[in-house]
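# A structural walkthrough
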Amino acid sequence: MKKHIIFPGRHEIIEKTLKSLTIKKRTHRIFFYLFLVLFFVGAYFTRRATGSSEVFIINRQPIPFASLTGIFSILSNLSLILIVVLFGKTGFLTSMALLLWQTPRLFFIIFKMKNYAVLPGIGTTIFVTLVIILLHLNNLQIEKYQTKLRNLAVIDSLTEIPNRLACVELLNKLIKNHEKFAVVMIDLNNFKGINDTMGHKAGNDVLVEVASRWKLAVDSGLSGTVDFITRQGGDEFTLIIRNYNSEEDILKSISYYESVLEQRIVIRGKDYFITASFGYAEFPTDADNFDTLFAYSDMAMYQIKRERSSNHILHFTPELLKISEYNTELERRIRTALLQNTIYFKLQPQYDMSHNLRGFEALARMNDTENNVINPDDFIPIAEKIGLIDSVDHFVFENSAKFFGDLIKKTGTDITLSINISVRHLINDDFIAEVQSILNTYGIPAKQLEIEITESIMLDSEDKSLERINELKKMGIKIAIDDFGTGYSSLSYLTRIPADLLKIDKSFINKMNSSESSKQYVATIISIGHTMKFDVISEGVEKEEQLETLRSIGCDLIQGYLWGRPMMPEDAAKLITK
Ligand code: C2E
Ligand code: MG
Ligand code: MG
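### Regarding the overall build of the protein
- Each helix and strand in the protein was counted, giving 21 helices and 18 strands.
- Computed over its C-alpha atoms, the radius of gyration of the protein comes to 38 Å, more than 25% above the 25 Å expected for a compact globule of 578 residues.
- Along the first, second and third principal axes, the C-alpha atoms of the protein reach 130 × 50 × 45 Å.
- Across the 578 residues in the protein, those meeting the buried criterion constitute 46%.
- Considering only contacts in the protein between residues 6 or more positions apart, those separated by 24 or more positions represent 69%.
- Surface summary for the protein: the accessible area is close to 29,800 Å², and the carbon and sulfur share equals 57%.
- Looking at charge distribution, the protein has the averaged site of its 65 positive side-chain charges lying 12 Å from that of its 69 negative ones.

### Let's talk about the coordination of the magnesium ion (ligand 3)
- Donor atoms from the polypeptide that bind the magnesium ion (ligand 3) are D482 (OD), D483 (OD), E539 (OE) and E539 (OE), placed at 2.1 to 2.6 Å.
- Expressed as a motif, the donor residue spacing for the magnesium ion (ligand 3) is D-D-x55-E.

### Examining the pattern of salt bridges
- A full pass over the atoms with the stated rule returns 21 salt bridges.
- Between E361 and K503 there is a salt bridge; the shortest N-O distance is 2.9 Å. Linking E361 in strand 11 (residues 357-367) with K503 in strand 16 (residues 501-504), this pair joins segments that are 142 residues apart in sequence. For the pair formed by E361 and K503, the shared burial category is buried.
- We note a salt bridge from R468 to E467, for which the minimum N-O separation is 3.6 Å.
- One network of salt bridges, with partners in common, ties together E361, E452, K503 and E539.

### Let's talk about the coordination of the magnesium ion (ligand 2)
- Around the magnesium ion (ligand 2), the donor atoms from the protein are E361 (OE), N420 (OD1), E452 (OE) and D482 (OD), and they sit 2.0 to 2.2 Å away.
- Considered as a linear motif, the donors of the magnesium ion (ligand 2) on their single chain read E-x58-N-x31-E-x29-D.
- Separating the magnesium ion (ligand 2) from the magnesium ion (ligand 3) is a gap of 4.2 Å, bridged by D482, which donates to each. With N420 in strand 13 (residues 416-420) and E452 in strand 14 (residues 449-454), this pair connects stretches of sequence that are 32 residues apart.
- N420 sits in the partly exposed class, given a relative accessible area of 25%.
- By relative accessible area, which is 1% here, E452 ends up buried.

### As for the pairing of strand 13
- Judged by how many residues are buried, strand 13 sits mostly within the fold: 4 of 5 residues are covered.
- Where strand 11 and strand 13 come together, 4 bridges link them in parallel fashion. Note on strand 13: the bridge partner recorded for F360 is L417.

### Digging into the site of ligand 1
- By nearness alone, 25 residues border ligand 1, and R365, D393, D482, E542 and Y561 come closest of all.
- Y561 places a main-chain nitrogen or oxygen 2.8 Å from an oxygen atom of ligand 1.
- Protein coverage of the free-state accessible area of ligand 1, which is 790 Å², stands at 89%.
- Elements with a contribution of two residues or more to the shell around ligand 1: strand 11, helix 11 (376-385), helix 12 (389-411) and strand 15 (478-484).
- Here the element with the most residues in the shell around ligand 1 is strand 11; it accounts for 4 residues.
- Split by residue class, the shell around ligand 1 holds 9 nonpolar, 6 polar and 10 charged.

### Side note on helix 14 (residues 431-442)
- Counted at 1.5 Å a residue, the expected span for helix 14 with its 12 residues is 16 Å, and the 17 Å between its end C-alpha atoms agrees.
- Among all positions of helix 14, only F431, I432, E434, V435, I438, L439 and Y442 are buried. Each buried residue of helix 14 lies within a common arc of 165° when the element is viewed along its axis, so the set occupies one face. Those residues of helix 14 that are exposed and aimed more than 90 degrees away from the buried face are N440 and T441.
- Following helix 14 by one or two positions, G443 adopts a phi angle in the positive range, close to 65°.

### Remarks on unusual backbone geometry
- The step from F283 to P284 runs through a cis peptide bond, and the omega angle for that step is 0°.
- In this structure, P284 sits in the loop between strand 8 (276-283) and helix 9 (290-307).
- At N341, a position not held by glycine, the phi torsion is positive, near 55°.
- Inspection of the secondary structure puts N341 in the loop between helix 10 (319-340) and strand 10 (344-352).
- In this structure N341 comes out as exposed when scored by relative accessible area, which is 54%.

### Considering the nonpolar core
- Counting residues in each nonpolar core, the largest one holds 80 residues, and the members touching the most others are I451 and L550.
- Among the nonpolar cores identified, the runner-up in size contains 34 residues, and F191, I229, L239 and I267 belong to it.

### Concerning the sheet that holds strand 4 (residues 226-233)
- In space, the 5 strands of this open sheet follow the order 4-5-3-8-9, with mixed pairing throughout. Every interior strand has two partners, whereas the edge strands, strand 4 and strand 9 (313-315), have only one. Adjacent strand axes in the sheet meet at a mean angle of 20° when their direction is disregarded.
- With 6 bridges joining them, strand 3 (residues 181-188) and strand 5 (residues 236-242) adopt antiparallel strand pairing. When the bridges of strand 5 are listed, M185 appears paired with T238.
- Of the strands in this sheet, strand 3, strand 4, strand 5, strand 8 and strand 9 are in contact with helix 9, which crosses strand 8 at around 150°.

### Topic: the domain arrangement of the protein
- Entries for the protein in the domain assignment read domain 1 (14-154), domain 2 (164-317) and domain 3 (327-577).
- Between the C-alpha centres of domain 1 and domain 2 the distance comes to 51 Å.

Rules used in this analysis
Residues numbered from 1 in each chain as written. Chains lettered and ligands numbered in written order. Predicted model: local features only at pLDDT ≥ 70, side-chain atom pairs only at ≥ 80, totals over all residues. Heavy atoms only, no water. Helix = DSSP H or I, 4+ residues; strand = E, 2+ residues; numbered from the N terminus. Rg over C-alpha atoms; globule rule 2.2 N^0.38 Å. Buried < 20%, exposed > 50% of the residue type's maximum accessible area, 1.4 Å probe, protein only. Contact = heavy atoms within 4.5 Å. Areas by Shrake-Rupley, 256 points an atom, 1.4 Å probe, with all protein chains shown as cover. Lys, Arg positive; Asp, Glu negative; His and termini not counted. Charge placed at Lys NZ, Arg CZ, Asp CG, Glu CD. Donors = N, O, S within 2.8 Å, 3.2 Å for Na, K, Ca; no water. Salt bridge = Lys/Arg side-chain N within 4 Å of Asp/Glu carboxyl O. Pairing = 2+ DSSP bridges. Near = heavy atom within 4 Å. Polar contact = N/O pair within 3.5 Å; in protein donor to acceptor, adjacent residues only side chain to side chain. Nonpolar A, V, L, I, M, F, W, Y, C, P; charged D, E, K, R; others polar. Expected span 1.5 Å × (residues − 1). Arc of directions from axis to C-beta. Core = buried A, V, L, I, M, F, W, Y, C linked by side-chain atoms within 4.5 Å. Axes fitted to C-alpha atoms, helices over the stretch in contact; angles between N-to-C directions. Domains from an automatic or database assignment.

Given below as structure tokens:
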């Protein structure tokens, strides 16, 4: 790992912040401290003065001043004890100093003046000294526990960096002081995948490593700003950036935190490449209160995550509010559509290169209140996020299977029905039973069913997915790898999936005829597919020249507007009977 220069001072800022979170201000107590010290000194001199033989009169009775010595002696000792109890180490040192200060005079009285009347007083002084030492030792113990408690309250126990509470306290303090800052919400990308496939232990190790790199980054000051990193929980972190002049400074600072993740993380011999998504909002320009700042930076973070682009940093803008409102509206719509059975499906034909029908892909559809179609690219990710994707998938699966089963009965067709299954749904424990039941109910031979799984998402939970895929394969069902080329698939990963079909994403087909390298890229995918004994289908074929190119580089199958858009089932039925 890169060696960082540690600037002194940065660490202190963190420590100071942490301390200020739990230790109350003590300025007003200084006065009490001074009072006690003065009281002791006052009592001491009064006691000395009362050593004379003078008397004072109360109710016509003479009372010798000397009888007050005992009271003042008790009071001065009590004030010493109070100082230790209330003022910790300073109190202890003060009390000891005050006790020592008396000693020379005592020695003088005993050894020079041979006055043994002060001996009981010396006994008391020794006793008080012992009490003070014991009290101090006890204080030290309490302080140790206090530090421990403070750490427990504001330090994340797994990663040992400040936690959510520390973050909240610091933000509230900065807001109160009206100090400019940016709050950056950070979420690791594909972390769930590591947890699911490699286990929680490996997941924890990754979190610890990421946190320690970021902590080092904070301490080093190499980001150019004064920062504070905290863990919110799970794979979410919050960075607070201060002392910047421009937006550029913020971006530079965040980029630094992004860059320290570039080097692979090695845990028990396995390599992990971690990236993160960063969304931020500024105080006071974007929002002037804690909750809104948090919500806004969170929104920006989710947006940049959704975009799945190469840029991983986004500043909050008011447009995000509209997107987020739209998403909330979509959420509501998905729930009602499922309740009211208003989700439906279309079927898009797939052909071989000679224009023979190979089968249909079932695609989910949903309308808004004005009956406009909502784009599945918008609602599918939301259904995934709110945990309703299983229901959407199931709905499309069941209804398209019902339609398809009827079609087989009527026409005896041997074409394939392809359905899209989200990985979350695939790894459900009862998924296999669900598939079996649908095949039985609607009389569909397993070899006529194909399940499409998106490559990029599959990486998130490889082991479990592979287990399911192998079970499906054993049942005789076909497997397609959807949107191939958009994820980070490695060849070793491809060889482990017993797929039948590779679907080249339409983004590659779009670019294919504009540059030779894009064409070569598609050609390479096709030949890799063939080496693995997969058929290869190109999605999103819209133009005749794309078809020609694909033909020339050996593509097996075509799906696209050129030969057929997604259509209502009645129209699909007509295509078969034709
Ligand atoms: P996909 O599985 O890759 O489906 C292909 C998408 O490309 C479909 O978009 C299809 O309408 C579109 N397409 C096909 N040919 C062309 C073309 O020539 N030009 C253009 N511009 N587009 C073409 P759609 O229906 O919007 O679906 C988007 C994605 O939503 C699907 O991508 C799939 O990943 C997901 N999806 C759709 N239905 C379901 C479902 O029931 N369950 C799950 N889990 N995902 C679904
Ligand atoms: Mg698909
Ligand atoms: Mg696709």
